[in-house]
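Okay, here's what each chain looks like letter by letter:
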Amino acid sequence: MLLIAAVACGGAALLTLAGAGRGARGGQEAARAAAAAPPSTGSRALGAPAASSALLAQGRGLFESSCASCHGADARGIHGRGPNLIGVGALAGDFYLQTGRMPLPAPHDQPVRTKPAFPQSQIRALVAYVGSLGGPAIPRVSPGRGSVARGQKLFALDCAGCHTIQAQGGVVTGAIAPSLDEATPTQVAEAIRVGPYAMPRFSSGELSDADVDSIARYLQTTKHPDDRGGWGIGRVGPIPEGMVAWLLAFAALLLVVRLIGERTEG
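Conventions used here
Residues numbered from 1 in each chain as written. Predicted model: local features only at pLDDT ≥ 70, side-chain atom pairs only at ≥ 80, totals over all residues. Heavy atoms only, no water. Helix = DSSP H or I, 4+ residues; strand = E, 2+ residues; numbered from the N terminus. Buried < 20%, exposed > 50% of the residue type's maximum accessible area, 1.4 Å probe, protein only. Expected span 1.5 Å × (residues − 1). Arc of directions from axis to C-beta. Salt bridge = Lys/Arg side-chain N within 4 Å of Asp/Glu carboxyl O. Contact = heavy atoms within 4.5 Å. Phe/Tyr/Trp six-rings, centres within 6.5 Å; stacked < 30°, edge-to-face > 60°. Disulfide = S-S within 2.5 Å.

Novice: Would you mind showing me how to read the environment of Thr184 here?
Specialist: Mapped onto the fold, Thr184 is located in the loop between strand S2 (175–177) and helix H9 (185–194). As a C-alpha pair, Thr184 and Leu219 span 35 residues in sequence and 9.2 Å in three-dimensional space.

Next up, the structure:
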């Protein structure tokens, strides 16, 4: 019975600790950081052709029906509901719509990753319309040009304090730092330049395009890591992993004691 209880405790601890880094929904305000995005980031941008008038008209119609209640019909924002979108560019629009962070269920919720609310054709139209209001374009990212070692160093310095070194996410004051398992290289670059919610925004002067390439490449390695120890245990860090190891060792010790006790009785 002691052995079963010890194994059960170890399994429960493992499941709890492995899932803790992925966080939960919650928060305090709408995507205020998007409003602060600068008119230009100096980053490489996708050289997409100018949006057609039909696409812009579709985007404006979608904006008026789905976004204007918080951001205003003129996209200049409504106090207490949604930020000004003039100048945030296609970069911010693409990030928030592709990751399902917009539209929000309630104005003061933290934007968290979920299934996109619009099909891709409508997302393209909305992004084109928001981009037509001024601001940076969607960045072009080339992880193949980056350095894993450089990316790990930069991520450890600027990002791991919230997202953990294995990008599994965590909890910070007033917000949830999400796991980056599902983030594409483009979305990583967009988040770096936008600084969504509580995340700081990094300009090209702080993190160059080459630095972003390296970070994106490093994050690709965290999605399918080489667990040389044999069992990754959710990659939640050395302290929780040590606790699980002690629980398993205690269970093994009980088994050994039991076996020795049976031999003594015999």
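Next comes the rest of the account.
Novice: Before we go on, may I ask you to explain unusual backbone geometry in this structure?
Specialist: Apart from glycine, the bulk of residues carry a negative phi angle, and the bulk of peptide bonds sit in the trans form. Note that the residue after Met102, namely Pro103, is joined by a cis bond; omega there is 0 degrees. Tracing the chain through its elements places Pro103 in the loop between helix H5 (89–98) and helix H6 (120–132). Even without being glycine, Ala75 reaches a positive phi, approximately 65 degrees. Tracing the chain through its elements places Ala75 in the loop between helix H4 (68–71) and H5. Note on Ala75: relative accessible area 0%, which makes it buried. Phi at Ala167 is positive, roughly 60 degrees, even though this residue is not glycine. Within the element layout of this structure, Ala167 appears in the loop between helix H8 (160–163) and strand S1 (170–172).

Novice: What am I meant to see in helix H3 (residues 53–66) here?
Specialist: With 14 residues, H3 extends 20 Å from end C-alpha to end C-alpha; this agrees with the ideal 20 Å at 1.5 Å per step. Within H3, burial applies to Gly59, Leu62 and Phe63. For H3, the angular spread of the buried residues around the axis is 100 degrees, confining them to a single face. Away from its buried face, by an angle of more than 90 degrees, H3 presents the exposed residues Ser53, Ala54, Ala57 and Ser65.

Novice: Explain the pattern of salt bridges here, please?
Specialist: Two side chains carrying opposite charge are able to pair once their charged atoms lie near each other. Per the counting criterion, the structure on display carries four salt bridges. Arg60 is the salt-bridge partner of Glu64, the closest N and O atoms lying 3.1 Å from each other. Residue Glu64 and its partner Arg60 are both found in helix H3; the two are separated by four residues, about one turn of the helix. Residue Arg60 is classed as partly exposed on the basis of its relative accessible area of 36%. When the shortest N-O distance is used, the salt bridge between Asp211 and Arg150 registers 3.3 Å. Pair noted here: Asp211 is in helix H10 (residues 209–223) and Arg150 is in helix H7 (residues 148–158), with a separation of 61 residues, a long-range link. Taking the relative accessible area as the measure of exposure, Asp211 reaches 11% and is therefore buried.

Novice: Please clarify how the side chain of His163 should be interpreted in this entry.
Specialist: Relative to the helices and strands, His163 is located in helix H8. Here His163 is in contact with Phe155, Gln168, Gly169, Ala177, Pro178 and Leu180, once residues within four sequence places are set aside.

Novice: Quick question: what am I supposed to make of the environment of Pro119 here?
Specialist: Turning to its location among the elements, Pro119 is positioned in the loop between H5 and H6. Given the relative accessible area of 43%, Pro119 is considered partly exposed. Spatially, the C-alpha atom of Pro119 lies 9.8 Å from that of Leu97, the residues being 22 residues apart in sequence.

Novice: Looking at this structure, how should I read H5?
Specialist: Every α-helix carries 3.6 residues per turn, so stepping three or four residues along brings you back to the same face. Judged by how many residues are buried, H5 sits mostly within the fold: nine of 10 residues are covered. All buried positions along H5 are accounted for by Gly89, Ala90, Leu91, Ala92, Gly93, Asp94, Phe95, Tyr96 and Leu97. Among the residues trailing H5, Gly100 stands out with phi positive, at a value near 70 degrees.

Novice: Would you take a moment to explain the packing of aromatic side chains for this structure?
Specialist: A ring pair, where both rings are aromatic, is described by two values, the distance of the centres and the angle of the planes. Under the defined criterion, the tally for this structure stands at three aromatic pairs. Taking the centre distance of 5.3 Å and the plane angle of 80 degrees together, the rings of Phe95 and Tyr96 count as edge-to-face. As far as burial versus exposure is concerned, Phe95 and Tyr96 are alike and both buried. Their ring planes at 50 degrees and their centres at 5.6 Å tell us that Phe155 and Tyr218 sit as a pair that is tilted. Separated by 63 residues along the polypeptide, Phe155 in helix H7 and Tyr218 in helix H10 bring together distant segments of the chain. Take Phe155 and Tyr218: they sit in the same class, and that class is buried.

Novice: Would you mind going over the state of the cysteines with me for this structure?
Specialist: One covalent bond between the sulfur atoms of two cysteine residues makes up a disulfide. Within this structure, the stated rule accounts for zero disulfides. Cys67 provides the cysteine sulfur closest to Cys70, a residue in no disulfide bond, and the two sulfurs are 8.7 Å apart. We note that Cys162 lacks a disulfide partner, and the nearest cysteine sulfur, in Cys159, lies 8.7 Å from it.

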